[in-house]
Amino acid sequence: MIGITAYGGYVPRLRLSRQAVAQANAWYAPQFGKAKGARAMANWDEDSITMAVAAARDCLGAAPDRRRVRSLYLASDTLPFAERLNSGVVAGALTLDEDIDAIDLGGSQRAALSAVAQAVARVQSGGGDALVIAADNRKTRAGSSQELEYGDASSALLIGTDHVLAEYLGGGTLSVDFVDHFRASGEEVDYHWEERWVRDEGISKLAPRAIEAALKQASVPAAKIDHFIFPCAFAKMDAQLAKACGIRPEAVVDMLTEQVGDSGLPHGLLVLAHLLERARPGQYILLAQFGSGAQALVFRVTDAIDSFKPARGVSGWIARGSEEHSYTKFLSFKGQLAFERGMRGEQDKKTALSTAWRHRSALMGLVAGKCEVTGSVHFPPSRMSYDQGKPLQDTQRPYKLADRPAKVLSWSAETLSYHPAPPHHYGQIDFEGGGRILMDFTDLDVGEVSAGTAMEMVFRIKDTDERRGFTRYFWKATPARAAAANAPE
Amino acid sequence: MAQGIKDKVAILGMGCSKFGERWDASPEDLMLEAYNEAMADAGITPGQLDAAWFSTHMDDVGTGRGGTPMSIALRLPNIGVTRVENFCAGGSEAIRAAVYAVAAGACDIAIALGVEKLKDTGYGGLPLSTVGTYIPQWYPNAVAPANFAQLATAYRARHGVDAALLKRAIAHVSVKSHANGAKNPKAHFQKAVSEETVLKAPIIAEPLGLFDCAGVSDGAAAVIVTRPDIAHSLGKRDLVTFKALQVAVSNGWELQSSEWDGSYVHTTRIAAKRAYDEAGITKPREQVSMTEVHDCFSITELVTMEDLFLSEVGHGVQDVLNGDFDAEGRIPCQIDGGLKCFGHPIGASGIRMLYELYLQLQGRAGARQLAKPTIGLTHNLGGQPSQNVCSVSIVGLEGA
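Computed from a predicted model, the values in this text were never measured in an experiment.

Caption draft 1: Seen up close, the overall build of chain B. Per the secondary structure count, chain B includes 14 helices and 11 strands. For 400 residues, the compact-globule formula gives about 21 Å, and the C-alpha radius of gyration of chain B, at 20 Å, lands near that figure. The C-alpha extent of chain B, read off along each of the three principal axes, is 55 × 45 × 40 Å. Buried positions account for 62% of the 400 residues belonging to chain B.

Caption draft 2: Quick peek at the overall build of chain A. Of the regular secondary structure elements, chain A holds 13 helices and 22 strands. Relative to the globule expectation of 23 Å for 489 residues, the C-alpha radius of gyration of chain A, 23 Å, shows essentially globular dimensions. When each of the 489 residues of chain A is scored for burial, the buried share is 52%. When contacts within chain A are restricted to residue pairs at least 6 apart in sequence, those whose partners lie at least 24 apart make up 73%.

Caption draft 3: View of the environment of Asp177(A). Inspection of the secondary structure assignment puts Asp177(A) in the loop between strand 8 (166-175) and strand 9 (181-182). Put simply, Asp177(A) and Gly293(A) are 116 residues apart on the chain and 6.9 Å apart in space, counted from C-alpha to C-alpha.

Caption draft 4: Highlighting the interface of chain B and chain A. Contact residues are listed per partner, giving 33 residues for chain B and 39 residues for chain A. Of all the elements in the fold, those that place two or more residues in the side of chain B that touches chain A are helix 4 (144-159), strand 5 (203-205) and helix 8 (253-256) of chain B. It is helix 4 of chain B that provides the largest number of residues to the side of chain B that touches chain A, a total of 7 residues. A breakdown of the residues in the side of chain B that touches chain A according to their chemical character gives 18 nonpolar, 14 polar and 1 charged.

Caption draft 5: Up close: the domain arrangement of chain B. Residue and element names in this part refer to chain B. As far as domains go, chain B holds domain 1 (10-122 + 218-233) and domain 2 (143-214 + 242-397). Using only C-alpha atoms to locate each centre, domain 1 and domain 2 end up separated by 24 Å. Every element with two or more residues in the side of domain 1 that touches domain 2 is listed here: strand 1 (10-16), helix 3 (90-103), strand 4 (109-116) and strand 7 (219-226). Per element, the largest residue contribution to the side of domain 1 that touches domain 2 is 8 residues, and it comes from helix 3. In the side of domain 1 that touches domain 2, the residues fall into 18 nonpolar, 10 polar and 5 charged.

Caption draft 6: Here's a closer look at the packing of helix 4 of chain B against helix 11 (residues 298-307) of chain B. Residue and element names in this part refer to chain B. With their axes 8 Å apart at the nearest point, helix 4 and helix 11 run at an angle of 55° to one another. As judged from the angle between their axes, helix 4 and helix 11 are oblique. Where helix 4 crosses over helix 11, the handedness of that crossing is left-handed. Two secondary-structure elements touch here, helix 4 through Phe 148, Leu 151, Ala 152 and Tyr 155 and helix 11 through Ile 299, Thr 300 and Val 303.

Caption draft 7: Geometry of the confidence of the model for chain B. Per-residue confidence for chain B averages 97 on the pLDDT scale, and 100% of its residues sit at or above 70. Model confidence for the complex is summarised by a pTM of 0.96, with the ipTM given as 0.94.

Caption draft 8: Focus on the confidence of the model for chain A. In the predicted model, chain A carries a mean pLDDT of 96, and the fraction of residues at 70 or more is 98%. Contacts from residues 483-489 of chain A, a stretch scored under 50 in pLDDT, to residues over four places away or in other chains number 9 contacts.

Caption draft 9: Structural view of the sheet that holds strand 3 (residues 38-41) of chain A. All names here are of chain A. Reading across from one edge, 3-2-14 is the order of the 3 strands in this open sheet, with mixed pairing throughout. Both outer strands of the open sheet, strand 3 and strand 14 (322-324), are each paired with one neighbouring strand and no more. On average, each strand axis in the sheet is inclined to that of its neighbour by 40°, with strand direction left out of account. Examined bridge by bridge, strand 2 (residues 14-17) and strand 3 share 4 bridges and lie antiparallel to one another. Within the sheet, the bridge partner assigned to Leu 14 lies in strand 3 and is Met 41.

Caption draft 10: Representation of the domain arrangement of chain A. All names here are of chain A. You can read the domains of chain A as domain 1 (3-333) and domain 2 (355-366 + 401-486). Once you take the C-alpha centre of each, domain 1 and domain 2 turn out to be 27 Å apart. At the junction of the two partners, domain 1 supplies 20 residues and domain 2 supplies 18 residues. Within the residue set of the side of domain 1 that touches domain 2, elements represented by two or more residues are helix 2 (48-60), helix 3 (86-93) and helix 9 (313-319). Counting residues per element, the side of domain 1 that touches domain 2 draws most heavily on helix 2, at 4 residues. Each residue belonging to the side of domain 1 that touches domain 2 can be placed in one class, and the counts come to 9 nonpolar, 5 polar and 6 charged.

Caption draft 11: Layout of helix 4 of chain B. Residue and element names in this part refer to chain B. Spanning 16 residues, helix 4 covers 23 Å between terminal C-alpha atoms, matching the ideal 22 Å at 1.5 Å per step. The buried count for helix 4 comes to 13 of 16 residues, which makes it a mostly enclosed element. Count one or two residues on from helix 4 and you reach Gly 160, which has phi positive near 60°.

Caption draft 12: Representation of the sheet that holds strand 7 (residues 153-160) of chain A in the model. All names here are of chain A. Reading across from one edge, 5-4-6-7-1-8-13-12-11 is the order of the 9 strands in this open sheet, with mixed pairing throughout. On the outer flanks of this sheet lie strand 5 (101-105) and strand 11 (227-229), each paired with one strand and no other. Across the sheet, the axes of successive neighbouring strands diverge by a mean angle of 20°, strand direction being ignored. Docked against the sheet, helix 8 (residues 267-276) engages strand 1 (3-10), strand 6 (129-136), strand 7, strand 8, strand 11 and strand 12 (284-290), running at close to 105° with respect to strand 1.

Caption draft 13: The arrangement of the environment of Val84(B) in detail. Residue and element names in this part refer to chain B. Within the secondary structure, Val 84 sits in strand 3 (residues 80-84). For Val 84, a count of 24 C-beta atoms within 10 Å translates into the label buried. The spacing of Val 84 and Ser 71 is 13 residues in sequence and 14 Å in space, taken between C-alpha atoms.

Caption draft 14: Structural view of the pairing of strand 1 of chain B. Residue and element names in this part refer to chain B. Counted residue by residue, strand 1 has 7 buried out of 7 residues, so it is predominantly covered. Pairing analysis gives 6 bridges linking strand 1 to strand 7, with the strands arranged antiparallel. Each residue of the ladder has a partner; that of Ala 10, found in strand 7, is Thr 226.

Caption draft 15: Representation of the environment of Leu392(A). Residue and element names in this part refer to chain A. Summarising the element assignment, Leu 392 is placed in the loop between strand 16 (377-378) and strand 17 (396-400). Sequence spacing of Leu 392 and Glu 372 is 20 residues, and the spatial spacing of their C-alpha atoms is 10.0 Å. Contacts of Leu 392, omitting those with residues within four sequence positions, involve Cys 371, Val 373, Thr 374, Ser 385 and Asp 387.

Caption draft 16: Quick look at unusual backbone geometry. Residues and elements named next belong to chain A. Note that the residue after Phe 379, namely Pro 380, is joined by a cis bond; omega there is -5°. With respect to the helices and strands, Pro 380 occurs in the loop between strand 16 and strand 17. In this chain, Pro 422 is followed by Pro 423 through a cis amide linkage whose omega measures -5°. If you trace the backbone, Pro 423 turns up in the loop between strand 18 (406-414) and strand 19 (424-431). Of note, the phi angle at Leu 366 is positive, near 50°, even though the residue is not glycine. Relative to the elements of secondary structure, Leu 366 occurs in the loop between helix 12 (360-365) and strand 15 (367-371).

About the cut-offs
Residues numbered from 1 in each chain as written. Chains lettered and ligands numbered in written order. Predicted model: local features only at pLDDT ≥ 70, side-chain atom pairs only at ≥ 80, totals over all residues. Helix = DSSP H or I, 4+ residues; strand = E, 2+ residues; numbered from the N terminus. Rg over C-alpha atoms; globule rule 2.2 N^0.38 Å. Buried ≥ 20, exposed ≤ 12 C-beta atoms within 10 Å, placed from the backbone. Contact = placed C-beta atoms within 7 Å. Nonpolar A, V, L, I, M, F, W, Y, C, P; charged D, E, K, R; others polar. Domains from an automatic or database assignment. Axes fitted to C-alpha atoms, helices over the stretch in contact; angles between N-to-C directions. Parallel < 35°, antiparallel > 145°, perpendicular 65-115°, else oblique. Left-handed = near helix turned anticlockwise from the far one by under 90°. pLDDT = per-residue confidence, 0-100. Pairing = 2+ DSSP bridges. Expected span 1.5 Å × (residues − 1).

Have a look at this one:
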């Protein structure tokens, strides 16, 4: 049996109030006055790579041994790098083995489903467990409907043969150049054609062909589908499609529009990951996405479904949201509003790539050095240990810190330097079992931390070299309070 | 234990420029201001200088690198000029090098000069600096106020001190330094401030407000040192001699292990113990007449009183609020205004601290003269609480 053996997702903490956007733009775009709910909004230090890491960690959990993952498919239409393997960065952050196959995919809204199909094929051919991650952090025009409809998120599935939670039964694909929207290389924002044409001539005619093919390969009649997932920003498009395909209306799954928005490419897997949290054994799931054709996958939930819980789960991430009412913050974080930075914001952020490679384990994987004689933990790892009066040499072994509980020793929040989200919080973090790092904090409000506050690690953008177009990543500390509130039992 | 430096070297002359936002002066002008005063005070000619040590920290916004900037600015007679850089403790390091050269007999007369030109950056606060190619890839884009503010958060946690009480104690530190600076014509800030003003100032790095931070100043200071016998032969009396020069440098233990609790400065305690040993001081609270400490931030000064063993650990708040370190207190601290008000031209600060002790010990401190000090201590800290260079020096009247 081949199928989903683990799942997870990620929704950034910030949720932009749609009313806040509508009110800010009411003078220009009054048609959005009745917008409801919130859309997920990536923090300034999040992009598709960091969100991919977050979803994968939600899926894989804190287990230090990730050797079972033999391939990584990263699907995104908003990858930060056109050349530099984005999935390679993710693999480094996840401390996956270096001899895995890491692949970037994109180009359409259904690329995550393509990635799942590829992963299934790899597992079928004996290639070992495959990790599929999907993430998007899209830009929109101010005052557009997409600005309100979209949301930033990521999702992850592990495809394998052991302890399958949802068996893969079959799939169907249609690849045609139906251009409902497009974005040329180097452009930031999608260009959309008329909605009515896309509905009538595109989705209504093309998606059923992929769905029918998938159901046929799975040998599951449409009426037996218990959960139908079809992400689409168009109102009731999923229900129309279900009807056209003979799927029961009650099978149509909620698309998290009010809480997250349409995250784009990762949305199908995000909703699937959310659904799997409550799916029951024997249920059939049909997942379809539209884009340059359409793709559909059919799964059957197994008896093992309750044996797995994601680290926090999509519902956990949704529950930990913090509503954001500042529209200018949203624009600034999306790089669409250039605030005055002061001269302190002029500092060059050039990255020495040779240094980065030499220290890749510490920088990407947050791997410290643990002295095998004294047990002392060192970050960054070094040839000599700090043990006072008796520094030992070459006794440190790799020791991962990213998933260990930690707390604040000291902190401050300063307003002197340029920071995209002032005040700049940082401080000393002590890890349970040893190890200390003076590091940046993120995703927190003033007054939220004090000495002793429990913190957890997140992989984020450290700095952006705007002159050369390079992004460097590192780990930051964020209050663990949300984890405690929503921790799986 | 090494023999130590006690009474082997004396101060022959000192000079210090006016500190402040010296829009009128280049680093060369500042150096000359301090040098002229020091040479006149010593009563020697350039040909009598055997060697020079030159301290400057932020070369890229100031003088540029190497020893040449000092040699060229002062047209020195082709003697050796060695650039010394050790964060904010560079001035004390230049002194130590010059003193050691004299004590070794390699030089009869040596000069140490420090200068910093910080106000040619176009913005407030300390200039941005670079830290190699690895550290920026993981370490926060840290600034001094937030580095030192963490002393406050850890101190509160360690000693269970209420945030408002600590805020009031560190405000007292700044109020005291402003009162002292008001009597110092060379100080950057010469205006007394009220506790209310300090407490209400905008926050720079939680919990430090504007008045908890030292001035960012231009300035230069110089000291000429020689052997006591040479000083006597040049007609000098009331010699001020070096009793101890100690430096302790972090090796990563504080920042990397989980053992340091963040509420004190580890190296200060080490350097202070060594300095008291070297100077033969067994009861610092009774034997030290006055201190000039590295009050880059008010919280640093409070914690330093404990680290120098002038307050019991955990009693700093109470002692500060008691006025123990005020001008009329048991051990006056920053009688010249300190980094807070005299100013903090980084490479010069260690020498500026010594300048005040020298004037006070010789009874030449004018309106702020203390009653008969005999032993003075400078504490000069470079870096941040969790990783730093700490210098503790003790000077006193010859024979004291």
